[in-house]
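Chain residues, written in single-letter form:
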Amino acid sequence: MSKQESVTVHDLLKNHEVQNVTGNVNRELIERRKSIPPICGVFSGAYTALKGNDSFSFVIHKEAEKQLPKIIRNKVQNVVSADAPDEAFKKNYAKKRNIGIVFSGGPAPGGHNVIAGLFDAAKKANPETKVYGFLLGPDGIIENEAVEITQNIVDTYRNLGGFGMIKTGRTKIDSKKKMSLSKQTCKSLRLDALVVVGGDDSNTNAAFLAQEMYSDGVQVIGVPKTIDGDIQVRDAAGQVLCAMSFGFHSAARAFANSISNLCTDAASDVKYWHVCKVMGRVASHLALEVALQTHANITLIGEDLADYVDTRRIEKAGKEVDYTAYGMTLRHLSRVICDAIVRRAAVGKNYGVMVIPEGILEFINEIQMLITKLNTVIAEYNQTYDTAFHADFPLLEDKLEYLRRLARRSREEGFFSIWNTRDDDLFNDIPEFFQEGLLTERDSHGNFQFSQVETEKVVMGLVKDYLKILKEKGIYKIGIERSYYQKVMKKEELDPDTFGPVLFSNYDAAMFLLVKPAIISLKTLEQVLVAEGVIRENEKIPPAVETIFKKSVPSFKTQTYFYGYDGRGNDPTWFDCTYTYNLGLTVFSLVANGATGQMAAIMNLEHGFDRWEPIGIPIAPLMHLEERGGKMSLVLERTLVDVNAPAFGIVKAFREKWLAAAPGEDNYRKPGPVYFAGKTEEDRPITLVLNSLDSR
Ligand code: FBP
């Protein structure tokens, strides 16, 4: 045994180098922890004040007026510097406070910096102020599970991703009991303010908490978090107040980095279509940003599909109205995808990268209708029997049997049911995994959980079936480069020009040659060669011709991915670090100046940092009625991709270029990984840059 081999693991564990490379703390982590993002000018003084801004107005929903009377008249407030405040102002601003903060919903990179910003500002105003973090989301408020956030805790999580500091959860404070327990918690911790860092549903919750706790004197402030990017706020005149929720940029950049690596691999190995489902429960903002970042060959945008109008059907319908012509069906979508795949194959590119937004099914009429109907069936069952549908019917077969019973009743007894025989037939026609997906338990806010459905499998199942048909029809073929064809033929001393017009449908002009549709097998190849007189009956097909034919036969191979939880757990980009730290500072300004029912935001995010303006946006006026869990509920309105805005317009304009169904290289873009160093980082999402050019 050599001396080296005799080194034991025990010795190795004591080795400095081993300890260094196996430790949890690396250079990136140290850099992130010690960095303090730049702050908006207004925060550099000792005090800030709020100034009501009348230049923004909202169309207020009657229901919001009815349910949220105490906060419905709130205005947009600008955070301004309080240069020469009087003693009373100073005293109130710097009074000792207790502030609770909770993460609600899915993690989003940057959340820890909201806490860091709030903590730093609160301690600067009064070192005695306490910040409590509620554990595991709103459950922490209901059950009074909280930790006091300390300097050490904050410094451990500065600029880091995830919500690990206090964790998160999706519980909704939606019953009298939960509300009363929450109030008790605020009372027992003597909270002056509660900060809810969450998405549309959580900010909805924040508004109701603000209303309920108004008379207790507990201020409630929301913070726009979600990687989905669907919290964007404009006023009635279309003026942008909040261009993007935090976490979106980091998640999109993380997805884009992985997907661009797939583009590199696809173009190197030239044999796979990489099918990437990208998170975003409903809106396709993340897919849109990924398209801009990577130039993947195909990116579907749900909102675009919903807008689709089948002109051929309309023409066919004449004076009648064909409602099925409006919106895209799953079958039609698969045709559109197949068309793109076939076109790329025709120029020798039987590979590529496709991005499918997680929520795409929401925009396919037939599926959306099934989702809404099932939401209602489940909600009605729970209400009628005061029990839980999913607990009573744990197996798919049990659920299907219940649906069958409903359909039978509606047919036999003429009893009106939202679920009828037609729905049941349609539902029974779809694959079992998809039935299971559509029946998954809704989340606590009544949302359909798209992340639980294998959307890409549904879409790609149809694509594969149709490609098979196109292959059998001789339409799906791999184009053969002319120079390659000539080389192979000449090697066997065959005249390319004799065989060319017989073999290919486009021999005259094209750079990539397409084997004639009639030639779909060696047998049909032989028949055509004999019929055209280039070989005699029973003569063997020349090997070179056989090689060319075989090269033209495609096999459609896919690899599928789900980009969601990984990007959600990425460390924040410089943009998100700066954005969230300033959001935290804004939260404190709102609290210190007595605001409630407001959402902290930064205006002009779509522009450079020097133009950022911290504001408070009233939440109640942003609410409208939406179907949730089978009934209409007052919720914060989500923002979908605006298909008339520049970002989508640009993606549409480049669609053909990025599909690259033409001879030559693909047009992929490599955004690279998320670096912490500000200089190498893109300073904001491309979607924002483009949409800021909107002159409508
Ligand atoms: P939030 O809106 O709560 O931020 O969550 C968004 C999201 O990441 C969606 O993109 C995704 O559909 C969903 O959460 C997944 O939910 P879960 O974490 O419960 O699986």
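Residues numbered from 1 in each chain as written. Predicted model: local features only at pLDDT ≥ 70, side-chain atom pairs only at ≥ 80, totals over all residues. Heavy atoms only, no water.

Colleague: Explanation requested: helix α6 (residues 111–125) in the structure shown.
Modeller: Residues spaced three or four apart along an α-helix point in a common direction, a consequence of the helix completing one turn every 3.6 residues. The terminal C-alpha atoms of α6, which comprises 15 residues, lie 22 Å apart, in line with the 21 Å expected from a rise of 1.5 Å per residue. Within α6, 13 of the 15 residues are buried, which leaves the element mostly enclosed by the surrounding structure. (Helix = DSSP H or I, 4+ residues; strand = E, 2+ residues; numbered from the N terminus. Expected span 1.5 Å × (residues − 1). Buried < 20%, exposed > 50% of the residue type's maximum accessible area, 1.4 Å probe, protein only.)

Colleague: Can you walk me through the environment of H295 in this structure?
Modeller: Position of H295 relative to the elements: it lies in the loop between α12 (285–294) and β11 (298–299). According to the relative accessible area criterion, H295 is buried, its value standing at 17%. Placed 59 residues apart in sequence, H295 and M354 show a C-alpha to C-alpha distance of 10.0 Å. Setting aside residues no more than four positions away along its own chain, H295 makes contact with V290, W658, N667, Y668 and R669. (Contact = heavy atoms within 4.5 Å.)

Colleague: Explain the sheet that holds strand β10 (residues 273–278) here, please?
Modeller: Pairing between sheet strands relies on hydrogen bonds along the backbone, with the strands arranged either parallel or antiparallel. Read from one edge to the other, the open sheet built from four strands follows the order β11-β12-β10-β15, with strand pairing classed as parallel. Either end of the sheet is taken by a strand with one partner, and the two such strands are β11 and β15 (558–563). By the bridge criterion, two bridges tie β11 to strand β12 (residues 352–357) in an arrangement that is parallel. The partner of T299 across the bridge, within β12, is V355. Each of β10, β11 and β12 is contacted by α12, which is oriented at about 155° to β12, the strand it contacts most. (Pairing = 2+ DSSP bridges. Axes fitted to C-alpha atoms, helices over the stretch in contact; angles between N-to-C directions.)

Colleague: Got a minute to help me understand unusual backbone geometry in this structure?
Modeller: For residues that are not glycine, phi is negative in most cases, and the peptide bond is trans in most cases. With a phi angle near 60°, N159 is a residue other than glycine that sits in the positive phi range. As for its position among the elements, N159 is in the loop between α8 (151–157) and α9 (176–188). A relative accessible area of 1% means that N159 is categorised as buried. Notably, N538 is not glycine yet its phi reads approximately 65°, a positive angle.

Colleague: Looking at this structure, I do not really get the packing of aromatic side chains. What am I missing?
Modeller: Remark: the centre distance and the inter-plane angle together describe each pair of aromatic rings, the angle taken between the planes. Evaluated as defined, the whole model comprises 25 aromatic pairs. Note on F255 and Y563: the rings are 6.4 Å apart at their centroids and 45° apart in plane angle, and the pair reads as tilted. Here F255, found in helix α11 (residues 248–269), pairs with Y563, found in strand β15; they are 308 residues apart in sequence, far enough to count as distant. Three or more aromatic residues link up through ring pairs in this structure, and these residues are Y381, Y385, F389, F393 and Y402. Here the basic side chain of R335 rests over the ring of Y466, its NZ or CZ set 3.7 Å away from the ring centre. If you follow R482 out to its NZ or CZ, it ends over the ring of Y507, 4.8 Å from the centre. (Phe/Tyr/Trp six-rings, centres within 6.5 Å; stacked < 30°, edge-to-face > 60°. Lys NZ or Arg CZ within 6 Å of the ring centre and 35° of its normal.)

Colleague: What am I meant to see in the environment of A296 here?
Modeller: Mapped onto the fold, A296 is located in the loop between α12 and β11. For the pair A296 and G247, spaced 49 residues apart in sequence, the C-alpha separation works out to 22 Å. Discounting residues that sit within four places of it in the chain, A296 has contacts with C263, A291, V353, V355, W658 and Y668.

Colleague: Can you help me understand the nonpolar core in this one?
Modeller: If you look at soluble globular proteins, the nonpolar side chains tend to sit buried side by side. Membership of the largest hydrophobic core comes to 120 residues, with the highest contact counts inside it found for L194 and F255. Sorting elements by how many residues they give to this core places helix α27 (residues 574–592) first, with 10 residues. Lining this core are residues from two domains, each supplying at least three of them: domain 1 (36–246 + 575–633) and domain 2 (248–470 + 558–566 + 645–694). Residues in contact with F255, not counting those within four places in the same chain, are I227, V278, M279, L286, V290, Y563, G564, D566 and G567. Of all hydrophobic cores here, the second largest spans 56 residues; its members include V275, L300, I360 and F363. (Core = buried A, V, L, I, M, F, W, Y, C linked by side-chain atoms within 4.5 Å. Domains from an automatic or database assignment.)

Colleague: Just checking my understanding: could you explain the packing of α9 against helix α10 (residues 200–213) for this structure?
Modeller: The relative placement of two packed helices comes down to the angle between their axes together with the axis-to-axis distance. Put simply, α9 and α10 touch, their axes get as near as 11 Å, and they point 70° apart. In terms of their interaxial angle, α9 and α10 are classed as roughly perpendicular. Between α9 and α10 the crossing geometry is right-handed. Residues M179, S182, K183 and C186 of α9 form the contact with α10, whose participating residues are F208, L209, E212 and M213. For the contact of α9 with α10, the class distribution of residues is five nonpolar, one polar and two charged. (Parallel < 35°, antiparallel > 145°, perpendicular 65-115°, else oblique. Left-handed = near helix turned anticlockwise from the far one by under 90°. Nonpolar A, V, L, I, M, F, W, Y, C, P; charged D, E, K, R; others polar.)

Colleague: Would you mind going over the site of the ligand with me for this structure?
Modeller: If you check the shell around the ligand, you find 14 residues, and the closest are G106, R170, D228, E358 and Y565. Contact between the ligand and R568: an oxygen atom at 2.9 Å from a side-chain N or O atom of the residue. Within the complex, 89% of the 480 Å² of free accessible area of the ligand lies under protein. Residue composition of the shell around the ligand, grouped by class: three nonpolar, five polar and six charged. (Near = heavy atom within 4 Å. Polar contact = N/O pair within 3.5 Å; in protein donor to acceptor, adjacent residues only side chain to side chain. Areas by Shrake-Rupley, 256 points an atom, 1.4 Å probe, with all protein chains shown as cover.)

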